[in-house]
Each structure stands twice: as structure tokens, then as C-alpha cells.
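# Fold and geometry: a report
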Amino acid sequence: MQRWQIFGVWISIVLFGAVVSCQPGGSDPTTDPEPTGPKPIEYQTTPYPWKKPANFPEPTYAFAKNPLTLEGVALGRALFYDDMLSVNGTVSCAFCHQQGAAFAHTDHALSHGINDKIGTRNNLGLQNMAFYKAFFWDGGVQDLDLLPIAPIENPVEMGHSMPALLNAVRQSPRYRPMFLAAFGTDSITTDRFLKALSQFMLTMVSANSRYDKYVRNEAGGRLSTDELAGLTLFKQKCSTCHAGELFTDQSYRNNGLSRATNKDEGRSLITLRPEDRFTFRVPSLRNVERTSPYMHDGRFWTLEEVMNHYSTNMQDVPELDPALRINGRPGVPLTDTEKKQLVAFLRTLTDTDYIADRRLSAPN
Amino acid sequence: MYRSLLYVFLTGLGLTAGLLACDTPDPEAVTGTFVIQLDNVAGNQNLQLNTGTYRNALGESFTPTAFNYFVSNIRLIRTNGADYVVPQDSSYFLVRETDPASQRITLKNVPYGDYKGVSFVLGVDSLRSTMDISRRTGALDPGSDHTGANGMYWSWNSGYIFMKLEGTSPSAPVDATGSNTFRYHIGFFGGRDTRTINNLKTIPVLFGTDVAQVDAEKVPTVLLQADVLKIFDGPTLLSIKANPEVMISPFSSSIANNYAQMFAYRGKTTATLN
């Protein structure tokens, strides 16, 4: 016998021994008790066919702890679009995360909550959250399941409290049957409430832009000469940070924005590390055409302004990311033609399927 | 030859482990109950939220309005060295001054024996702080009451507040609501992906010459005092004037070092069963 075979036999003996030793004494384990009365209705969910796009990295979300089902996704979708998640019933998740803007809030520089309260940062579009290891501009939340608590309890966003909200959901005739269908119980807990929202958010996968079709060699994947030139420029000048198919390396960096009017310290408010001062998450650029305004405080309204910031307006602050200081000078030199080509390329990242996907729209 | 002997030995070991692993609870109980009674004080005075006024070593007077802390990962220290570690899933307690019931920690299934001390973590360990939401129930449920003075969870920087002390003091500056408030919310478990400061403190409290006996007849209750003055008057003198608000700052570590020394053993009582 080979060594591994001996090992296998040994494992079998030990496992068998362990199983035998655990048999309850006296009773015959093969006899099931006779069923009495009518069989209860069995709770049956339908798995949701979640697929990783071919050109994407492996997801970071641990699906095993929250297997996606059609019922769970439907529940999460209902919650996502429900105004009752805010304390005065005026603001749903979708209020600030609008599908037409790739689930960002276009025309608002800073997040807009209940009673017209204004937050401190520009809301990030929701997409491809299954692939992120942290959330928000500062990465303060690292588990998608914990994310919704932040906007729900933020006094300038939804202003609610989780216990009060969960009680309201428990009393709503709409939700008990949905929880029963999704989880086999109508006991509404923090865990199930948040995991249902996660299930819906995990279905928000945007991977069908013209660029995606181009890299996957699919029909409709033609890029123009300018767009192709933009792609080449992008790879040379932008992809250190906006890396890979998610168009972010998920790091936190300072990109030389002026701090004249906004002294938000960003990531260091989470980590307390001096080296994280004034750094912010590198955002994905997917659907960037739709998610105006730009930057953590929404200071730029057009992609052209963003190009001008990177090429000529960048401030030489001490925290500036080294990748953005070229030959000792801040900024990424770009000609007007190059800017146009880059913007043309960025527009190929717009995923019209995602923006129009009825499965992600408000339920009837 | 030696290898086969090794396998025989390992097999025996495995079978023994299997037998031990499925040992069913003995109906003749060899475990009893152990009670930890916490009493929050300010020096030699009982702590009274909203009405009591106390003075720290820097001479700053203050009136606490909220005082909460997490006690977790409890270990009972035996005289014979074989400590009893409370099963992790049942070892998280949120103590709130406003809730007397929360100040009484009743531990069941404690092996009979002689105990000379207790140790616990003030706060919520990093493992539990990053566990799946389904493993965070009861006091750890982020969906339970964590707003206002009761709040012991940071939703925007996922993590628990280990110790919260809030109050008013003439030494504190006037805040937006017009009152002179100070607020200490101390958390930080060391970070999930990025290393941050770690304010978790394992705090041993020994019973001196006392021995708390757990057996079929005896349920001991040990009285531990938590002295809020020690939060100010520790290795670092905490000035309300200089630091009226400490939450997410490196100075939180100084406060954690202070509160690590706020507990003291103050005696025991023993209830006799039957």
C-alpha cells in the first residue's frame, strides 16, 4: 500500500470508531418515528442563479453564509424600495440610490436624507458589491451584511433606529409572509433583515457595458478609434489605482483635491492612522458617466472637470499619492485630445442593461 | 515498523477523543452556579446618574448621565490552577448603570470547585467583532437598542463601544445643545483588514484570601466594584477640560489603560441551596 492509502484506511477507522461510539445506547437509529397527522407544508426556496461575470475576479462575499434565493432577493428588493426604512417614512434606500444613475444620486453633491438634511459625502453608486472588501468612502464597514445599519441609523440619512424599524417590519402585514418564504420563519431578526438586503444588493452586478462586451469578444463590443485610444491611455495613466475589471484597486489614496473648503480627513477617521489622513477610497469607474457628481464631496459635475483636475489642477499636498506625482510634479499630464479620448473610453463603461434591469427596479 | 506503531497509537488516541467528544451530560450534575454582582461606584460613594456629583483628581466636578460597558470572555480562576472558561457563546454581557438586572451576571454550569478570582475582557474581542451577523445576538445584536445613551455599537465604523461614560461638568465646554457635556466612547478592537489601535483589556480580579466555593449546596456571589473615578485618575490623569470628548482618537488608549484598573473585589456572599 502507498503511504496515502494507509493514511486513508487509518482515517476511516478513526472516523468509524467515532461514529460508532456516538450511537445512543439501546435505540435503533434506522427506525424513524411514524408520522402522525397531516404533513406540515414544507418550506421550499428556489436558488437564485448568481453568476460571476467571466471577466471579473472572484467575489469577496461569503455566499455560503447567506445562499441567495429568489425569495430572499425579492424580500431584499421590497425592503430596498420601502420608505418605512426611514424614521418618518419618506426616504428609502432607492431615494439616494437611483437605478437610472447606476444607483448613485445624481444632481446631489452630498447625500440627502430625511427632512432635507445633508450629509458630508457624495453617495457612491451601488454596483458589484459582491466583489468589494470594504464599503463607503472611508472603508468603515467591511461586511456587506452590516452596511445598511449605517444609513438607517445616520440622523442625516434615514434617521431610524434598528429596534424601532424591526418592530415596524414585524407589524407590517406585507413582510411576515415574505420572511416566511425566504427563511422558513416569520420571526424577523436583525440577521434575516440584513441578509435579505444583502441578497438583493448582491444581485446588483454591472458587467454588461460595451467595454465588457469588447473584452469578452461578444456581439456589440465594438469600440471606436477614439475609445480604443482612450483605453490605451487609461491603461497607461489611470489603471494603477482604477485597476482591473472593477476599475478600482480598493485602496485609499489622496488625489490632491484642494482642501480650501472641505477638511474631511477620510480614511483616518476610521483607522486613526496618520498615514491615512485625507485619503479616500478609489471609486470604481463603472457607469461613471451616470454617477455625476464626482469625488467624495461631489465637487466636480462633469468628467471634463475631472480630467482637468488630474491634468492641471491637482494640489501638491503632503499626502498626495506617490502615483500621482510624476517627475516631481503633481498631476497626470494630458493633452486636450487625450482628455477627450479618455472621456470617450469612460463612456463605454456605461451598462445600459444594468440601468434598465427590471429585476433591480421597484417591485410592483 | 515505527510508522505502523505510530498509526496504532494515533488510532487509539482518535477513538478516545471520539468517545470523550460525545460524552453526554451527566445527570448527576457536577456543575453549579456562580454569580458576579457588579456595583458601579465613584470613589467611596454609590454612583448616581444625573443626580450625583463627583470630583476627579484634577479637581473637576462632574455628574455622570450614562455609564455602560461590555464584560465578555469570562474565566473563573481556580485555586488548583484548572481555570473554568465560560463557553464563548454565553460569555457576553452588557452592563448598564440604568439597568440593575444587567449588573448581575449569573453563570450556570460552573464546575464544582474552589475559585480564587475571575478575569474578563472589557469589550468585545476581535473575533466576535468580525463574526457573521447571525453569531451576534442578545447584547451583541447591532439591531438591538444602540441609539442614544444606550448605544454601544458604531455602525459607520463597524465595531462595538467597549465603555461609554457620558456626563455634564462645569469643566466641559458648552456644546451645541447649550450644556456642558463630556462624552467618552471607547472602542477599537484592532481592525479587521487594517491594523488599528486595540483597546481590548483583559482584566483579572482576584478575591484575596477569599475562596468562592461552587458545589451542590453553595452558590457564591462575588461583588466587584467598578469605580468611575479610576477612569479619570489612572496612569494618565484625564482632564474633562482638556478632553471633553474622546471617541475615535488615539487618546482613547489612555482611557482604556485607566479603566483597565477600575475593578476591585469587595467581598462575597454564599447562598446555600436546600
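Given the structure is predicted, the values throughout are model-derived calculations rather than measurements. (Residues numbered from 1 in each chain as written. Chains lettered and ligands numbered in written order. Predicted model: local features only at pLDDT ≥ 70, side-chain atom pairs only at ≥ 80, totals over all residues. Heavy atoms only, no water.)

What follows covers the pattern of salt bridges. Residue and element names in this part refer to chain A. In the structure shown here, the tally under the stated rule is 30 salt bridges over all chains. The closest approach of N and O atoms between Asp-143 and Lys-65, which form a salt bridge, is 3.4 Å. With Asp-143 in the loop between helix H3 (93-96) and helix H4 (149-153) and Lys-65 in the loop between helix H1 (3-21) and helix H2 (70-80), the pair connects residues that are 78 residues apart, well separated along the chain. The exposure class of Asp-143 is buried, given its relative accessible area of 4%. Asp-212 is the salt-bridge partner of Arg-286, the closest N and O atoms lying 2.7 Å from each other. In this pair, Arg-286 is assigned in the loop between strand E2 (280-281) and helix H11 (303-313) and Asp-212 in helix H8 (residues 210-215), connecting sequence segments 74 residues apart. Judged by its relative accessible area of 1%, Arg-286 falls in the buried class. (Salt bridge = Lys/Arg side-chain N within 4 Å of Asp/Glu carboxyl O. Helix = DSSP H or I, 4+ residues; strand = E, 2+ residues; numbered from the N terminus. Buried < 20%, exposed > 50% of the residue type's maximum accessible area, 1.4 Å probe, protein only.)

Moving on, we get to the packing of aromatic side chains. Under the defined criterion, the tally for this structure stands at 31 aromatic pairs over all chains. Ring geometry for Phe62(B) against Phe232(B): centres 4.6 Å apart, planes inclined by 40 degrees, an arrangement best described as tilted. Here Phe62(B) is found in strand E4 (residues 61-78), whereas its partner Phe232(B) is found in helix H3 (residues 229-232), with 170 residues between them in sequence. Comparing Phe62(B) with Phe232(B), the two get one shared label, buried. Connected via pairs of aromatic rings, a cluster forms that spans Trp50(A), Phe56(A), Tyr61(A), Phe63(A) and Phe131(A). (Phe/Tyr/Trp six-rings, centres within 6.5 Å; stacked < 30°, edge-to-face > 60°.)

With that settled, consider the nonpolar core. Membership of the largest hydrophobic core comes to 119 residues, with the highest contact counts inside it found for Phe193(A), Phe34(B), Tyr69(B), Ile74(B), Met163(B) and Tyr184(B). Residues in contact with Phe193(A), not counting those within four places in the same chain, are Leu79(A), Leu85(A), Ile152(A), Met162(A), Leu165(A), Leu166(A), Val169(A) and Phe179(A). In terms of nonpolar packing, the next biggest core, distinct from the first, is built from 27 residues, Leu257(A), Met307(A), Val317(A) and Leu320(A) among them. (Core = buried A, V, L, I, M, F, W, Y, C linked by side-chain atoms within 4.5 Å. Contact = heavy atoms within 4.5 Å.)

All names here are of chain A. On the secondary structure map, Glu-227 appears in helix H9 (residues 225-237). For Glu-227, a relative accessible area of 11% translates into the label buried. Aside from chain neighbours lying at most four places away, what touches Glu-227 is Arg-210, Arg-222, Ala-344, Phe-345 and Thr-348.

Residues and elements named next belong to chain B. Tracing the chain through its elements places Ser-239 in the loop between H3 and strand E15 (245-246). Of the polar contacts made by the side chain of Ser-239, one reaches the backbone nitrogen of Ala-242; its length is 2.9 Å. Residues in contact with Ser-239, not counting those within four places in the same chain, are Leu-58, Glu-60 and Tyr-184. (Polar contact = N/O pair within 3.5 Å; in protein donor to acceptor, adjacent residues only side chain to side chain.)

With that settled, the discussion passes to unusual backbone geometry. The peptide bond linking Ser292(A) to Pro293(A) adopts the cis configuration, its omega dihedral lying at 0 degrees. Within the secondary structure, Pro293(A) sits in the loop between E2 and H11. Even without being a glycine, Phe136(A) presents a positive backbone phi close to 75 degrees. With respect to the helices and strands, the residue Phe136(A) is situated in the loop between H3 and H4. On the basis of relative accessibility, which here comes to 30%, the residue Phe136(A) falls in the partly exposed class. A positive phi angle, near 50 degrees, is found at Asn73(B), a position not held by glycine.

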